[in-house]
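Here are the chains, one letter per residue:
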Amino acid sequence: MRVGFGYDSHRLVEGRALVLGGVVIPFEKGLLGHSDADVLLHSLGDAILGAMAAGDLGTHFPDTDAQWKGASSMDLLERIREMMTARGFTLNNVDCSIVLEEPRLKNHIPLMVRNIERLFSMKPARVSIKAKTNEKMGFVGRAEGIAAYCAVTLADKEAPNE
Ligand code: MG
């Protein structure tokens with residue numbers, strides 16, 4: 001088993017869609033970034049790459065590359081899934097925290113969970129996503145941006161008992 005950890009943050013701005021976990025969430029602002037700026041999937045992608053000691057999102061999908069401009073982060077995660085499969089790993093479980101003051105995500109979280117479960121063909125009850133505020137402290141507290149933290153375990157298909 002391998003453990004991976006990922007962190008990401010993006011600035012909240014007007015005139016952008018808010019996409020979290022592949023779900024478009026109705027809100028007056030969205031996250032700024034080269035791709036769709038899905039902070040949750042970016043932290044998940046970094047966690048998976050980290051578990052494989054295979055670099056980070058920035059090295060695989062540089063924001064200087066026009067190919068990734070406006071890209072769906074679900075597509076980026078699909079590439080990462082392919083890298084994972086090629087290396088003989090499967091995604092065992094996912095545990096994430098999204099830190100934001102608003103909007104409330106409670107009703108959207110089941111869809112985010114399903115997106116991740118489907119993308120990685122996971123068994124039920126292996127994906128956890130929590131949302132919490134930062135108690136009005138710092139850049140998240142001032143609603144200048146959203147942060148996400150993600151921990152994963154990967155199972156090694158080649159050597160399941162090692
Ligand atoms: Mg990012």
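What you see is a predicted model, and the numbers here were worked out from it, not measured in a lab. (Residues numbered from 1 in each chain as written. Predicted model: local features only at pLDDT ≥ 70, side-chain atom pairs only at ≥ 80, totals over all residues. Heavy atoms only, no water.)

Novice: With reference to specific residues and values, describe the sheet that holds strand 7 (residues 145-156).
Specialist: Read from one edge of the open sheet, 5 strands run 4-1-7-5-6, paired in mixed fashion. With partners counted over all chains shown, the strands left at the sheet margins are strand 4 (29-31) and strand 6 (127-132), one partner each. For this sheet, the mean angle separating the axes of adjacent strands, direction not counted, is 25 degrees. Pairing between strand 1 (residues 2-14) and strand 7: 10 bridges, direction antiparallel. (Pairing = 2+ DSSP bridges. Helix = DSSP H or I, 4+ residues; strand = E, 2+ residues; numbered from the N terminus. Axes fitted to C-alpha atoms, helices over the stretch in contact; angles between N-to-C directions.)

Novice: Lay out the coordination of the magnesium ion in plain terms, naming residues and giving numbers.
Specialist: Summarising the metal site, the magnesium ion is bound by the protein donors Asp8 (OD), His10 (NE2) and His42 (ND1), whose distances to it range over 2.1 to 2.3 Å. Summarised as a motif, the one-chain spacing of the donors to the magnesium ion is D-x1-H-x31-H. Taken together, the residues Asp8 in strand 1 and His42 in helix 1 (residues 39-51) connect sequence positions 34 residues apart. As far as burial versus exposure is concerned, Asp8 and His42 are alike and both buried. (Donors = N, O, S within 2.8 Å, 3.2 Å for Na, K, Ca; no water. Buried < 20%, exposed > 50% of the residue type's maximum accessible area, 1.4 Å probe, protein only.)

Novice: Can you tell me about the pairing of strand 6, naming the residues and giving the values?
Specialist: Across 6 bridges, strand 5 (residues 89-99) lies against strand 6 in parallel orientation. Among the inter-strand pairings, Cys96 is bridged to a residue of strand 6, identified as Ile129. Handedness of the β-α-β unit built from strand 5, helix 4 (residues 109-119) and strand 6 comes out right-handed. (Right-handed = clockwise from strand over helix to strand, strands pointing away.)

Novice: I'd like a description of the packing of aromatic side chains, backed by residues and values.
Specialist: Taken as a whole and assessed by the stated rule, the structure comprises 3 aromatic pairs. With a centroid separation of 4.9 Å and an interplanar angle of 50 degrees, the aromatic rings of Tyr7 and Tyr149 are classed as tilted. You can see Tyr7 sitting in strand 1 and its partner Tyr149 sitting in strand 7, a full 142 residues away along the chain. Taking the relative accessible area as the measure of exposure, Tyr7 reaches 34% and is therefore partly exposed. The structure contains a cluster of three or more aromatic residues connected by ring pairs, namely Phe5, Tyr7 and Tyr149. (Phe/Tyr/Trp six-rings, centres within 6.5 Å; stacked < 30°, edge-to-face > 60°.)

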